[in-house]
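Fold and contact review
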Amino acid sequence: DKGNHRHFMEKEIYEQPEVISHALGHYVNFIENRVLPASDVIDFAKVPSLAISACGTAYLAGLVGKYWFERYARLPVEIDVASEFRYREIPLAPQAAALFISQSGETADTLASLRYCKEHGLKIGAVVNTRESTIARESDAVFPILAGPEIGVASTKAFTCQLAVLAALAIAAGKARGTIGDAQEQAMVRSLAEMPRLMGRVLNSIQPKIESLSRELSKCRDVLYLGRGTSFPLAMEGALKLKEISYIHAEGYAAGELKHGPIALIDENMPVIVIAPHDRFFDKTVSNMQEVAARGGRIILITDEKGAAASTLDTMHTIVLPNVDEIVAPMIFSLPVQLLAYHTAVFMGTDVDQPRNLAKSVTVE
Ligand code: M6R
């Protein structure tokens, strides 16, 4: 049932504050502002490294997770798309752990990567939405994302719930490894606790701006997304979402890679969507935007209040979100990214929930 929404995708975007808060409740003690111990099967304090494998949007969630596990838990992460991971013959330490991220829990390549790791003696964790799935069944530890059924082929709420669970796991790993202290844990958990309310606020406020922007995007042939740090996977997620449902060609790039190739594409016909919260990368990203502006590129900046005040650039549009802590920025910044793709597809009149050539669950190689 779509309720008051035109599409399941829209409904699922608007459900995010509620489902994320439900998901977090499973991993976090909000009274004491602490994370719950991650798992009694995977000992994050002892594992030398973590392998992550997934496909599509779930892979991009894993990529954000890699930044978190490495930064907050000092845990090295090997990550790849499952279709490559399964055949790369990666040398894996048997003492390592592996995480497989999958909304459906049935994706063929992800399952094959899981079995590869199992054969090599790794402890297996599954970050899944469907707890009765094959991937969940074959894992040693299951980390449910509790997003509820996701019907739209384009993943939205599963992505942000995957992120929320990975954030909680990274904090738990940091605690176990002694790289995060009590005060930092409490501050991070407080930020996570505030996130659902913030998400609701953002969803209520950005709609008109997004709609007018989407009308313009729907006339474009190509769109480039840029980001640094955890905003880089988000840039790729934005591009994936846009091409998936609006059929507009889009690419996501690390902002610093711009001058190594894609800058050649920049002209007044190709909008560049820059995802740039006011974090430790902001100034660098702004200087990349300057390179775009100098070549007549049209910039759509997605930033926060601090970023909007600090940027002197002439942008075509700026979407301003509330200031948020670094750990929650990827979830909050997902919202405009999802809505832009959604409204652009609505303007183009495509079948948003069932885009051409795509299946919700890819159970063949
Ligand atoms: O069920 P899974 O999470 O394993 O699915 C992985 C991908 O097929 C999926 O995320 C796909 O990329 C989505 N259509 C993206 O919106």
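Here, every reference points to the structure presented above.
Presented here is a report on the structure given in the accompanying data block.

Parameters at a glance
- Residues numbered from 1 in each chain as written.
- Predicted model: local features only at pLDDT ≥ 70, side-chain atom pairs only at ≥ 80, totals over all residues.
- Heavy atoms only, no water.
- Salt bridge = Lys/Arg side-chain N within 4 Å of Asp/Glu carboxyl O.
- Buried < 20%, exposed > 50% of the residue type's maximum accessible area, 1.4 Å probe, protein only.
- Helix = DSSP H or I, 4+ residues; strand = E, 2+ residues; numbered from the N terminus.
- Axes fitted to C-alpha atoms, helices over the stretch in contact; angles between N-to-C directions.
- Parallel < 35°, antiparallel > 145°, perpendicular 65-115°, else oblique.
- Contact = heavy atoms within 4.5 Å.
- Nonpolar A, V, L, I, M, F, W, Y, C, P; charged D, E, K, R; others polar.
- Pairing = 2+ DSSP bridges.
- Right-handed = clockwise from strand over helix to strand, strands pointing away.

1. Regarding the pattern of salt bridges
- Across all of its chains, the model carries 20 salt bridges by this definition.
- In this structure, Lys175 engages Asp182 in a salt bridge whose closest nitrogen and oxygen atoms are separated by 2.4 Å.
- With a relative accessible area of 42%, Asp182 lands in the partly exposed category.
- Across the pair Glu185 and Lys175 runs a salt bridge whose closest N-O atoms are separated by 3.2 Å. Taken as a pair, Glu185 in helix α8 (residues 182-217) and Lys175 in helix α7 (residues 157-177) lie far apart in primary sequence, 10 residues in all.

2. Focus on the packing of α7 against helix α12 (residues 329-348)
- It is the contact of α7 with α12, at a shortest axis distance of 10 Å, that shows an interaxial angle of 170°. As far as their axial angle goes, α12 and α7 are roughly antiparallel. Of α12, the residues touching α7 (which contributes Phe159, Thr160, Leu163, Ala164 and Ala167) are Pro330, Met331, Ser334 and Gln338.
- Residue classes in the contact of α7 with α12 are distributed as 6 nonpolar, 3 polar and no charged.

3. Some points on the pairing of strand β8 (residues 222-227)
- Taken across its 6 residues, β8 has 5 buried, putting it largely inside the fold.
- Relative to strand β9 (residues 249-254), β8 is paired through 6 bridges, and the arrangement is parallel. Bridge pairing in β9 links Tyr225 to Gly252.
- In this fold, the crossover linking β8 to β9 by way of helix α9 (residues 231-246) has right-handed handedness.
- Of the pairings in the sheet, the one linking β8 to strand β10 (residues 271-275) comprises 4 bridges and is parallel in character. Bridge pairing links Tyr225 to Ile273 in β10.

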